[in-house]
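Each chain is listed here by its residues.
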Amino acid sequence: MTDDRDVLRDVWFGRIPTCFTLSQDEITEREAEPYYLLLPRVSYLMLVTDKAKKHFQKVMRQEDVGEMWFEYEGVPLKWHYPIGLLFDLHASNTALPWNIIVHFKNFPESELLHCLTKDAVEAHFMSCIKEADALKHKSQVINEMQKKDHKQLWMGLQNDKFDQFWAINRKLMEYPTEEGGFRYIPFRIYQPLNERPFIQKLFRPISSEGHPHNLGDLLKEMFPAAVTPEDMEKQYQVVIHGIEPMLETPVQWLSEHLSYPDNFLHISIIPLPRD
Amino acid sequence: MPSSLLWAVDVHGRVYSLSTAGQYWELCKDESLQFKRLAAVKQCCWGIACDHQIYVYVHSSEVPIHYQEETYENQRWNPVDGFSDRLLPSDRWQWSDVTGLIHQPLNEFKLASPQWEWESDWYVDENIGGEPTEKGGWTYAIDFPATYTKDKRWNSCVRRRRWIRYRRYNACDMWAKIPLQETGPLPDPFNDIAVGGWEITDEPLGHLSVWAVTVQGKVFYRENINDQNPEGSIWTEIQTPGEVVQITCGPGDLLCAVLWEGQLIVRDGINRENPKGSSWKIVEPPNSENGLVQVSVGVNVLWAITRDRRRGRNPRLNGNALCPPFCMNFALVSFKCTSSEVWFRRGVCSENPVGTGWICMNIEMVMVNVGLNDQVWGIGYEDRNIYFRHGVTPTEYSGKAWKIIVASREHDRASRTGSATSLASAGCFFGDEVRLPSQVSISSEVDFSSEMDKLAKKTENILETIGERASCPHASGDGDGDVASSPDIEKKCADVANVFETIPLMGASSEKWVQPVAEPSVSQAPYLTDQGGPLQDGAELIIAHSISNTMSSDPAETSSVSSVGTYPFGIEEHYVSDERPLWAWLSGGGCEVEAHTQLNWFTAQSGQPFSQLSFSMPISCTQQTVWRKQIIHQLTERSKRELEDFKHYEQAVEQSVWIKKGAMQWWRDGKPYKWIDVRVALEQFTGNDGKRDGIFFIYYTFNDEKKYLHVFSNEITILVPIANETKHSFAIYTPERTKQRWPIRLATTTEQEMYDWLAVLSLACCDSRDLHGPPSNQALWSVTCKGDIFVSEPTPNLEAAQHPLPSDQLYWRQIGGHLRIIESNSQGIVWGIGYDHTAWVYTGGYGGGFFQGLASSTDNIYTQADVMCVYIYENQRWNPVTGYSSRGLPTDRYMWSDASGLQECTKAHTKPPPQWTWVSDWYIDFNAPGGTDREGWQYAADFPASYHGYKTIKDFVRRRRWARKCKIVTTGPWFEVGPVALRDISLIPCVSQKADDASALWAISSKGDVLCRLGITKQNALGLSWLHIGTDQPFASVSIGGYYQVWAIARDGAAFYRGSVSPQNPTGDCWYHIPPPSKQKLIQVSVGQTSVYTVDENGNLWFRQGISPSYPQGSCWQHVSTNVRKVSVGPLDQVWIVADKVQGSHSLSCGTVCHRMGVQPREPIGSGWDYGIGGGWDHITIRANSMETSHNPVSMASDNAPMNLPNQDGTVGDNSRGNLIVSEQQELNGHAVNC
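Residues numbered from 1 in each chain as written. Chains lettered and ligands numbered in written order. Predicted model: local features only at pLDDT ≥ 70, side-chain atom pairs only at ≥ 80, totals over all residues. Heavy atoms only, no water.

- As annotated in an unreviewed UniProt entry, chain A carries the name Autophagy protein 5 and is attributed to Chiloscyllium punctatum.
- Listed under Sequence similarities (unreviewed entry) in UniProt, the entry text for chain A is "Belongs to the ATG5 family." (UniProt positions renumbered as here; feature names shortened; annotations may be inferred.)

What follows is the structure, given as structure tokens:
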């Protein structure tokens, strides 16, 4: 018997085997071995790469160490996207482990935000949660929480403590039963190699006729091309947490169970290679 | 809580009811009559129709109302004829009642009214005190009146037998006219009616006091109304000090009436013995020139309406003014002169029915009515709306504010074909019109709507900006979004607030609103979501309702700002006032509303009714939809893909040891036994295999030496909260501690701390045993004597013939809720019964109660309430001077004590258990076991002794039991079955696993009726309906075993076997009377696959011998054990009991779960007991565990031999889970011991 709790658990404990390699451009004193880690899908790069950073700094001179940043196949990886999203967006359908290049210089100012300490990640994470709650509950839930609850959310994510995080996060997932769902679903739709960062609009979990909206309804409105007509060949994969949920899945359920810890449903739309 | 009804009559005399779960007034099913007055209680509604006759509307119930008529046939022996109906002249009648004094031949029994019909013909009862009689049913005695026996002796000179016939009430769900009286004083046409008094006595069951007032002002009482006789028998006139205009009756002993002259009269001396009371007391109205015209009482309140202050009028008009079918026009005109102030009487209660003083409520109403829980409704004087008094609680009986019920009528909805706009405007009309002349209100609405348009635009803009903000969250670039975003949005919302604020101010200027406008608070919540503002604050009301209008165009989004913009506001002007119901009378006497009840009455609704939802249990999450299965499958695949080959990779985030520390008190293991302060710490860590483990340390000091005690979390078998008022403590058991009957006992300073620790420890135990999610279908369930619910996963070797798992090693985890009895079967269907006899069905969830977050499922946890009694004893000793008095001997017990006499328990100082609150006052309990006299006393020669309910010359002491009801409100995976109250249930233990096959469930109602539940399947554990199975006497216990063998125990202690029960014939055909073991009264039965076990009232356990397919009744009872409270026999014929007392190595335990060892097909009685968890256990069911022992685990799934017997489908247990657990558990235990 599988409970929806198990879905939360599976989502939380998703890991991506990653191989960090130091960029060829970096000057090293001796050769840098690649470094292997299991990265939590729901976390952020800057939170989980301390070990890799230490590993590479051992072979570098102190003065050559600038701000660390990551690159995958020429694309600088945005640290403020959850790891799972970065992987789904840029590296799904490739062989594992995920090969990430580590840089300590030539920071791509135009493409990445600076992240000097983990406080920046925390600030970004909390602002996402707040934005999500503004959409879901007009910020009522997050505003009623105490400072320590906010801290617990962050610490739960940072220390990979599922219980600690969900003890608080479940409050953000509640809604009045008579309304049948959140006010709006916090979601973002991403495409690889697109100028626009992502699509985000107001979308209600329940239609004006009172039916629950499903993933298909959402896509039809936001990204019609992703919904394959019956007689057509599938052009896009719609990926959340490395899986492709059926288009019949209610968005409310998705929002409650497949949102990232920042309370957003990050949906990647990957074009299928034409053969 | 099941829904209940508020009844009302409109000015056309049409009767409507409004469900607490509903949103629409529904027209009474029986529309044939117009009514002017109603008086409702839960089970029925009495009314006076326009013909001035009284009618009763009895709600149909799944147990039919039937009445047992009985008469006795008496005979005397004479040498010539033997026994014959020729009696001596001094003898009783040949046909008589039980006393012999009343002549009642069979053919003179007539049906009381056309509402009744005979169920069967007369037949002879062949049962005396649980023993079957000879054929013919004769019982013998030396003479009349004497003790009758079933055996004929040489000196048996007389004999008698009992004839029985049932009649059935056939007029449920319709207005049945109370027949005109043929004898006695014939009452005039009636003018008012009141129903109540069900709390005065429960003897007979369902007693009601019905009082009526005639047009001439006389008061009548209806005799003999109870569950079996809903219409009562005759009217008895009650003398009054003057002519009465109106009468009211509370649930308890409050009864008041209003005299023509305007005084209030209060009935005195109503009690259990005399429900009619003895005398009247007069209470003066609030001021002498304005007398009372209408009054209503509850348990502790009295509300009244006075005559119009300004004009004064002839009170005789009142009756007609509220009698619309006759004088519709006149009534409308006379509204003005019936204007009436509402008054609340302070200090009214059972002891002081007169109260202390009047409080004016400053509102004018036509009438007020008090319902259950002292809730109050009224009908507005000018608008004829129904108002509900909001905020009435036991601490504030006068409540807080009046709220208008704006629910619309069902047929309105139908005729408008669900037009949202018109309904919405109706809601607005009700909301805005309060106390405003209509012209002015329209003019204000014009302004109002134009203003609302502006507002709508404004809010739209604001929303847009919020949306913009949402779509470009990284505008600030530095990631510090929360500083930038929140104040921004807050400011916008504050703008919305300002817009709202301006409207009522405008309104206030055009009207003469006295109330100042409340300042909107900083948080957005109140004015955006509150839809039913209290009446006092007119400003707030207008906001609330104008929003609710707009909301109603979108039923799913009742609290959104954005829809404001899309709604056309001018529509109010098209409103036709004809569509609004004008109310004339209402009755809330059957309407159960409590402080926490959610009502949907105060907002106008559109579209589909949602109320239906609350009646059916939502489908549990176990019913997987395709997309959900797909997601779970994909996640598993993902984990395989991304993790399987990379397990050797380092984790990016290290899992550290996690420690929770605290301070507690510990009950020392050794002498001196006392509570000492300790430090505790729970250390949890994740092993290399990813499994969580934990150790719980208790650090203490002994002789200045620091010591500690530790328990591994995988060693703990149960955590038991021990709630009592002095200490917040809990017990930790391990197998070793269970053997000792000496758990680790710890206490925390606060209750919250205790539950926090219990939740944390419980999670740690479950983690270390890898127990997550809901219990399996095979789970064992048990209930403690505190009503706490525990569940345990059985292992395949639990019932092994060789080396079964010792029962003290079972791990029990707690499930939220409060129950007395719990029963289950291997399909995963679980039913429970609360202390208040409410039946509950398991929803498939877990957690609830103090379990929060991950230890609990969310979508199938419901609120559960239970009510129980706390008892204390008043003790007295006889002395020659004063007789019985509270002056005892110095050696005597406390004069107010607990049952044992060891603890002093006074009325003032006795507290309800933690988490429980009082819901009644102390009252004398006349149902104390052993019987009582008329004042509730029980007598004995000395303390402590056995008590009897009558006084003899040898009795020097007496006691009586006082009871007080208390209530708990908690949560758990339980859904209320309703409405029949139950005392026992049984589910067929083993059935086929096909999901759509029905599971048989039998039950005994709290009244002793035998019931069979239809339509229970795996998918619908709630089932569909009850079927009533006739019996000649009340029953106490029932059990259905394999092959649909149904056994039951009657209240007289006899056993019965039900013949021919099968899936095709779920109710069987007849009862076979099976005498109990000699001189024993049986109290409980449990039937396994073939074994039948019973328990008698002296704690003996009996096995029924000689049962075979051809002779299912068996041949005789075999004694198995003493010291047994309850037995549960399972689908493998395994036998588990709750034992009365078990001696452990350190201490004695009462109420201990025990497992019968050595039970085998050839030896169904077994050989000895293995002792499990306890004491303090009250109930266990192992009837779901059909998990067979197997030496070959691979064949487990198919190995279900005993279930594959003829005409019985096999059971495939959910074995895999159990299997897993046992291997882990043993491994871990071994590990623990080695450490």
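Structure's up, so let's keep going.
### Quick look at the overall build of chain A
And step 1. Helices and strands together make up the secondary structure of chain A, namely ten helices and eight strands.
And step 2. If you take every contact in chain A between residues at least 6 apart in sequence, the share linking residues at least 24 apart comes to 70%.
And step 3. As displayed, chain A has an accessible area near 11,500 Å², and 49% of this comes from carbon and sulfur atoms. (Helix = DSSP H or I, 4+ residues; strand = E, 2+ residues; numbered from the N terminus. Contact = heavy atoms within 4.5 Å. Areas by Shrake-Rupley, 256 points an atom, 1.4 Å probe, with all protein chains shown as cover.)

### Some remarks on the overall build of chain B
And step 1. When helices and strands are counted, chain B shows twelve helices and 72 strands.
And step 2. Relative to its full complement of 1235 residues, chain B shows a buried share of 58%.
And step 3. In chain B, the share of contacts with a sequence separation of at least 24, taken over all contacts with a separation of at least 6, comes to 59%.
And step 4. For chain B, the exposed surface amounts to about 52,000 Å²; the carbon and sulfur share of it is 52%. (Buried < 20%, exposed > 50% of the residue type's maximum accessible area, 1.4 Å probe, protein only.)

### Some words on the sheet that holds strand β41 (residues 744–748) of chain B
Residues and elements named next belong to chain B.
And step 1. Strand order in the open sheet made by the seven strands is β38-β37-β36-β35-β41-β40-β39, with antiparallel pairing throughout. In the strand order of this sheet, the two ends are held by β38 (705–712) and β39 (718–723), each with one partner. Strand after strand, the sheet turns through a mean of 35° between neighbouring axes, direction not considered.
And step 2. Both strand β37 (residues 692–702) and β38 contribute to a ladder of eight bridges, which runs antiparallel. Among the inter-strand pairings, Ile698 is bridged to a residue of β38, identified as Leu709.
And step 3. Together, β35 (658–667), β36 (675–686), β37, β39, β40 (728–733) and β41 form the strand contacts of helix α11 (residues 751–768), whose direction differs from that of β40 by roughly 20°. (Pairing = 2+ DSSP bridges. Axes fitted to C-alpha atoms, helices over the stretch in contact; angles between N-to-C directions.)

### Focus: the nonpolar core
And step 1. By size, the foremost hydrophobic cluster in this structure holds 88 residues, and its most contacted members are A:Phe20, A:Phe56, A:Phe70, A:Trp98, A:Leu258 and A:Ile267.
And step 2. Top contributing element to this core by residue count: helix α4 (residues 83–91) of chain A, with six residues.
And step 3. In this structure A:Leu258 touches A:Val7, A:Val11, A:Ile240, A:His241, A:Ile243, A:Pro245, A:Trp253, A:Leu265 and B:Ile631, once residues within four positions along its chain are discounted.
And step 4. In terms of nonpolar packing, the next biggest core, distinct from the first, is built from 33 residues, B:Cys28, B:Ala40, B:Trp377 and B:Phe602 among them. (Core = buried A, V, L, I, M, F, W, Y, C linked by side-chain atoms within 4.5 Å.)

### Considerations on the packing of helix α5 (residues 118–137) of chain A against helix α7 (residues 147–158) of chain A
Residue and element names in this part refer to chain A.
And step 1. At a minimum axis separation of 11 Å, α5 and α7 run at an interaxial angle of 120°. Regarding the angle of α5 to α7, the classification is oblique. Judged by the twist between their axes, the crossing of α5 over α7 is right-handed. Counting all contacts with α5, which are made through Lys118, Val121, Glu122, Phe125, Met126, Ile129 and Lys130, the residues of α7 involved are His150, Lys151, Leu153, Trp154, Leu157 and Gln158.
And step 2. In terms of residue class, the contact of α5 with α7 is made up of seven nonpolar, two polar and four charged. (Parallel < 35°, antiparallel > 145°, perpendicular 65-115°, else oblique. Left-handed = near helix turned anticlockwise from the far one by under 90°. Nonpolar A, V, L, I, M, F, W, Y, C, P; charged D, E, K, R; others polar.)

### Here's the deal with the packing of helix α1 (residues 4–12) of chain A against helix α8 (residues 162–172) of chain A
Residue and element names in this part refer to chain A.
And step 1. The N-to-C vectors of α1 and α8 enclose an angle of 125°; their axes lie 11 Å apart at closest approach. Regarding the angle of α1 to α8, the classification is oblique. Crossing hand, α1 versus α8: right-handed. Contact residues: α1 offers Leu8, Arg9 and Trp12, while α8 offers Phe162, Asp163, Phe165 and Trp166.
And step 2. Tallied by class, the residues present in the contact of α1 with α8 amount to five nonpolar, no polar and two charged.

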